[in-house]
Amino acid sequence: MTEIPEHLLKRSKAAKGQSSGDAGSESSGSATPAASEGSAAPVAAGGSAPAAAAPQGPVVTFPNLDSEPEPPKPEPAFVTAAKSRRRIPVWALPVVAALPIWAMSFAGTMQQPETEDPVLVESAAIYSEAGCAGCHGGNGGGGSGYQLSEGSVITTFPRVADQMLHVARGSAAIDGQTYGADGRRVAGASGAQMPAQAGSLTVHELELVIYHERATLSGEDQDQPGYQEWIEHMRADAESGGGEEIVNDDYIAFLQECADPAVSPDATGAMASPDPEAEPCPGPKAESGG
Ligand code: HEC
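Everything in this summary refers to the structure shown in the same document.

**Examining the packing of helix α11 (residues 203-217) against helix α12 (residues 227-239)**
To describe two helices that pack against each other, one gives the angle between their axes and the distance between the axes. For the pair α11 and α12, interaxial distance at closest approach is 11 Å and the crossing angle is 140°. When the axis of α11 is compared with that of α12, the two are oblique. Considering how the two elements wind past one another, α11 and α12 form a crossing that is left-handed. Taken together, the residues of α12 that come into contact with α11 (itself represented by His-204, Glu-207, Leu-208, Ile-210, Tyr-211, Arg-214 and Ala-215) are Tyr-227, Trp-230, Ile-231, His-233, Met-234, Asp-237 and Ala-238. Taken together, the residues of the contact of α11 with α12 sort by class into nine nonpolar, two polar and three charged.

Listed below in structure tokens is the structure:
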């Protein structure tokens, strides 16, 4: 052990006597009593060992070693700033929580299929550009021309070929004659004419606009056999620039062979085949002959 000079010990004892009275003399101010009474831990050096040994022995107090409670340090400026900074108000929390959901749904609206599928985009464009919307309504609800929506046009024309024939030649070509399933219509009976589209639309455009009226406006079942293949055929035409062939008399004659004599005046149904796949007619291949 290091020898502590006599005058320093005296000064230390004197100081303890002043500050704590009897308590100071009991504990005698040195590390040694604590270490020997504690007995378990060997003391390597005075001063530092008692702290380790103390918990095992009787409680020894070192009054003048108790440090004064430190005055609270002044708070750093950034802590003060953080504490006083405005937080998100409680009422706004649901809004903040919903932000990611909103972001995802917003991203969803950016990629609607209308902006990608050429069949949907082009068929809708032709319906308005060819003037159909002006007489039949933008949603097919009807106007000077018949309603096409809510299944109406599908009731008149169960098959695509009959509708294409009617639109291609117009109502004047069959004025006064009965057309449509179950003799539903008489051409010209509405008091106005359906203008012939032959000479102005290409075959590809005629097919697309009929698709728009049936599928988009009238909600035709697109899961029925052959329907997706029909759409695929139009998509292939659209992606290759579409057929340039304008609807002419030859094409009308071809449509008359595809159309159903029970629905369309002057139709022959000559193309009708027990195997719909074998027919070269437009529309879903698995359509029944009606
Ligand atoms: C100038 C107005 C006008 C325009 C443009 C027009 N239609 Fe019509 N459409 C009519 C009228 C009127 C009739 C009914 C004529 C009649 O009484 O026979 C009709 C009938 C029809 C029918 C028969 C519906 C049924 O249930 O009998 C179809 C299908 C049709 N139009 C499709 C079209 C398409 C496709 C276009 C665009 C390419 C078009 N129309 C453009 C006025 C128009």
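That shown, we press on.
**Examining the site of the ligand**
Around the ligand, the surrounding shell holds 29 residues, and the nearest of these are Cys-132, Cys-135, His-136, Ser-190 and Met-194. Ser-190 places a side-chain nitrogen or oxygen 2.5 Å from an oxygen atom of the ligand. Of all the elements in the fold, those that place two or more residues in the shell around the ligand are α8 (132-136), α9 (152-156), α10 (160-169) and α11. Partitioned by chemical class, the residues of the shell around the ligand number 15 nonpolar, 12 polar and two charged.

**With respect to the nonpolar core**
Proteins that are soluble and globular tend to have nonpolar side chains buried together. Of all hydrophobic cores here, the largest spans 36 residues; its most connected members are Leu-206, Val-209, Ile-210 and Tyr-211. Taken together, the elements giving at least two residues each to this core come down to α7 (118-129), α8, α10, α11, α12 and α13 (249-258). Of all the elements, α11 adds the most residues to this core, at eight residues. In this structure, Ile-210 is in contact with Val-160, Gln-163, Met-164, Val-167 and Trp-230, ignoring residues within four places of it in sequence.

The rules behind the values
Residue numbers here run from 1 along each chain, matching the order of that chain's written sequence. The predicted origin of the model limits local features to residues at a pLDDT of at least 70 and limits the giving and counting of side-chain atom pairs to 80 or more, whereas totals for whole chains, interfaces and linings rest on all residues. Side-chain numbers here rest on the full set of heavy atoms in the structure, without hydrogens or water. Where helices are involved, their axes are fitted lines through C-alpha atoms of the stretch in contact, as for all axes, and angles between N-to-C directions lie from 0 to 180°. A run of DSSP states H or I qualifies as a helix once it reaches four residues; a run of E qualifies as a strand once it reaches two. Both are numbered from the N-terminal end. When describing relative orientation, an angle under 35 degrees is termed roughly parallel and one over 145 degrees roughly antiparallel, while 65 to 115 degrees is termed roughly perpendicular and anything else oblique. Note on convention: near helix rotated counterclockwise from far helix by under a right angle means a left-handed crossing. Clockwise means right-handed. Contacts: residue pairs with any heavy atoms within 4.5 Å of one another. Gly is placed with the polar residues, together with every amino acid not listed as nonpolar (Ala, Val, Leu, Ile, Met, Phe, Trp, Tyr, Cys and Pro) or charged (Asp, Glu, Lys and Arg). For this purpose, a residue is taken to be near a molecule or strand whenever a single non-hydrogen atom of the residue falls within 4 Å of it. Two N or O atoms form a polar contact when they lie within 3.5 Å of each other; inside protein one atom must be a possible hydrogen donor and the other a possible acceptor, and for residues adjacent in sequence the pair counts only when both atoms belong to side chains. Take the buried residues of types Ala, Val, Leu, Ile, Met, Phe, Trp, Tyr and Cys, join any two whose side-chain atoms come within 4.5 Å, and each joined set is a nonpolar core. Relative accessible area decides the class of each residue, using a 1.4 Å probe on protein chains only: under 20% of the type maximum gives buried, over 50% gives exposed, and in between gives partly exposed.

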